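These are the residues of each chain, in order.
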Amino acid sequence: MSGSLIGTFDLLDRRTGKFVEAQLVSPAGSSNVADIDGSWRPLMQARIEQLRSEDRLTIGALGESELQDAHWRWSEKIEMSSNRLDRQSFAIVTEGATQGLMLVTTAGFAKESSQHGKPLVMIDLLATAPWNRRGFDAAPRFKGVGRIMMAAAISLSVQEEFRGRVGLHALPQAEAWYRDRVGMADLGIDDTRMRYFELTEDQARAFLAQ
Amino acid sequence: MEMLVSRDWLRRKIESDPDTDNDAGWPIEAIENIGMFLPSELVSDAGNVVELKHAFGVFIRQLRRRDQLSVEALAEKARVEAREIRLIELDPNYKPRPRTVHQLAEHFAMPPQALMKLSGATVTRDEALQEEAQKFAAKSDDLSKLSRQERQDLEGFVKFLVKSQK
Amino acid sequence: MVEKRTMTLNLSTQEMDLVDRLADEKGLSKTALVRQALRLYQSITDRIDRGEKVFFEHPATKEKAELMVLS
């Protein structure tokens, strides 16, 4: 099964400085799973092997190389999304390869005081292909997955009548992006031991009007 | 779903955005649960693992004594090697295999995740577990038969482990 | 576009009042409210079917109350 096309956008190829056409699809489908299992995972596994051979395999090094998700059972997560009314998945595809993946829940409750208890789109996962990660690749390839996915999450939130409310837990290297560029409220580190951010109605409006 | 921004808008933003990563989600927290997938060397990276493993050895030994089982009898019942049980009980640096931990968890009807953490088979940052495990190990002396106090301590720790996984 | 179908619901006054109140509180239309209710119900049912327990936890006391589902 492959998803339907939400729209055609562009990712910036850092190597050439040029934009390359990218398709945003939803839900993520079997071709995306095949990409992740066939391309993302072997790269991550190879890096783990490399760290091990250099005797540098520590949790810290895994974080620096952005391999925290190396163990994920992606296909299960995507498969599960397809059977559940409260889950949606998005993938960005360029040059026939999956460049990014987003899994969201649409049955969450907001925590920020001005919108406490109201429904929101919770981003359970926003991941870019390893070759697009700055921590993973010294010369990362495409830029823009995060921006497109964030715009998609807000659009979904508006469509669902959640007025742009979005929540997520950011990885440490992405905290500044969500706080300063996306303009989300920083609600601090919660019991997941990650920093939780929430976009309010007003902040969503400001993001779209930027 | 209709995107509320245009292709042009996205291009402009992507061009002017700072070049940072935007990844979000569960990965960091999940590290705790990936011992099975992580290379074993990583386990020593979590500071208190040796203490935890020491507590694991004491714990298994106490449970075995509570049930009045010899090493061989436990090995047979839990379908693991007797040699490995001896190593678990005596050598805090010994890292048991995940299967062994699972078999022991099953035999003693303990939550496997808690024992995986305790044994160092999965990496944990669970401070409450570390604290309780150290307290337990420090209090538990190696007597041939469990004293009443030791039995209480053991039961207290079992309760904590079971509860911590709820 | 996902195909949409229409159904008529026969609700008691009390139920209808609740739909109105929740829709108002959550800032949702009645359709969106029912959609949220279905999502939540499916997600809880899914977990219980997989043998999981669903709890509510009090933030201060950490006291847990299991969500009971009568079968």
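Since we're looking at a predicted model, the values are computed, not measured.

Rules used in this analysis
- Residues numbered from 1 in each chain as written.
- Chains lettered and ligands numbered in written order.
- Predicted model: local features only at pLDDT ≥ 70, side-chain atom pairs only at ≥ 80, totals over all residues.
- Heavy atoms only, no water.
- Helix = DSSP H or I, 4+ residues; strand = E, 2+ residues; numbered from the N terminus.
- Rg over C-alpha atoms; globule rule 2.2 N^0.38 Å.
- Buried < 20%, exposed > 50% of the residue type's maximum accessible area, 1.4 Å probe, protein only.
- Contact = heavy atoms within 4.5 Å.
- Areas by Shrake-Rupley, 256 points an atom, 1.4 Å probe, with all protein chains shown as cover.
- Lys, Arg positive; Asp, Glu negative; His and termini not counted.
- Charge placed at Lys NZ, Arg CZ, Asp CG, Glu CD.
- Arc of directions from axis to C-beta.
- Axes fitted to C-alpha atoms, helices over the stretch in contact; angles between N-to-C directions.
- Left-handed = near helix turned anticlockwise from the far one by under 90°.
- Phe/Tyr/Trp six-rings, centres within 6.5 Å; stacked < 30°, edge-to-face > 60°.
- Salt bridge = Lys/Arg side-chain N within 4 Å of Asp/Glu carboxyl O.
- Core = buried A, V, L, I, M, F, W, Y, C linked by side-chain atoms within 4.5 Å.
- pLDDT = per-residue confidence, 0-100.

(A) Spotlight on the overall build of chain A. Of the regular secondary structure elements, chain A holds six helices and nine strands. Here chain A has a C-alpha radius of gyration of 17 Å; the compact-globule value for 210 residues is 17 Å, and the two agree. For chain A, the spread of C-alpha atoms along the principal axes amounts to about 50 × 35 × 35 Å. In chain A, buried positions account for 60% of the 210 residues. Put simply, of all contacts in chain A between residues at least 6 apart along the chain, 59% involve residues at least 24 apart. Approximately 8000 Å² of chain A is accessible, and the part contributed by carbon and sulfur atoms is 50%. Once the 25 positive and 28 negative side-chain charges of chain A are each reduced to a mean point, those two points are 2 Å apart.

(B) Focus on the overall build of chain B. Helix and strand counts for chain B stand at nine helices and one strand. Traced from its N-terminal end to its C-terminal end, chain B shows the element sequence α-β-α-α-α-α-α-α-α-α. Buried residues in chain B amount to 50% of all 166 residues. Across chain B, the fraction of contacts at a sequence separation of at least 24, relative to all contacts at a separation of at least 6, is 70%. For chain B, the computed accessible surface area is about 8300 Å², with 48% contributed by carbon and sulfur atoms.

(C) Spatial organisation of helix 5 (residues 82–90) of chain B. Residues and elements named next belong to chain B. Of the residues making up helix 5, those classed as buried are A82, E84, I85, I88 and E89. One side of helix 5 carries all its buried residues, which in axial view fall inside an arc of 160°. Exposed and oriented more than 90 degrees from the buried face of helix 5 are R83 and L90.

(D) The packing of helix 4 (residues 71–78) of chain B against helix 5 of chain B, seen in detail. All names here are of chain B. Running from amino to carboxyl end, helix 4 crosses helix 5 at an angle of 115°, the nearest separation of the two axes being 8 Å. Judged by the sense of rotation from one axis to the other, the crossing of helix 4 with helix 5 is right-handed. Mapping the contact onto sequence places V71, E72, L74 and A75 in helix 4 and A82, I85 and R86 in helix 5.

(E) Geometry of the packing of aromatic side chains. Tallied over the full model, the rule gives five aromatic pairs over all chains. A centroid spacing of 5.7 Å and a plane angle of 65° characterise the contact between A:F207 and B:W9, whose relative ring orientation is edge-to-face. One end of the pair, A:F207, is in helix 6 (residues 201–209); the other, B:W9, is in helix 1 (residues 7–16), on a second chain. Of the two residues examined, A:F207 and B:W9, each falls in the buried class.

(F) The arrangement of the pattern of salt bridges in detail. Applying the stated criterion to the full structure yields 32 salt bridges over all chains. Residue B:R66 is joined to B:D67 by a salt bridge in which the shortest nitrogen-to-oxygen separation is 2.8 Å. A relative accessible area of 25% places B:R66 in the partly exposed class. The salt bridge involving C:D20 is made with C:K30; its shortest N-O contact spans 3.1 Å.

(G) The nonpolar core, seen in detail. Counting 49 residues, the largest nonpolar core has A:L24, A:M150, A:Y178 and B:M3 as its most contacted members. In terms of residue count, the dominant contributor to this core is helix 4 (residues 145–159) of chain A (nine residues). In this structure A:M150 touches A:I123, A:V166, A:L168, A:Y178, A:V182, A:M184, A:L199 and A:F207, once residues within four positions along its chain are discounted. Core analysis: the next-biggest nonpolar cluster, separate from the first, contains 35 residues, B:V58, B:L104, B:L129 and B:F136 among them.

(H) Just the confidence of the model for chain A, in detail. Considering every residue of chain A, the mean pLDDT works out to 88; 93% of them sit at 70 or more. Ranking the elements of chain A by mean pLDDT puts helix 2 (residues 59–64) of chain A last with 70 and helix 4 of chain A first with 97.

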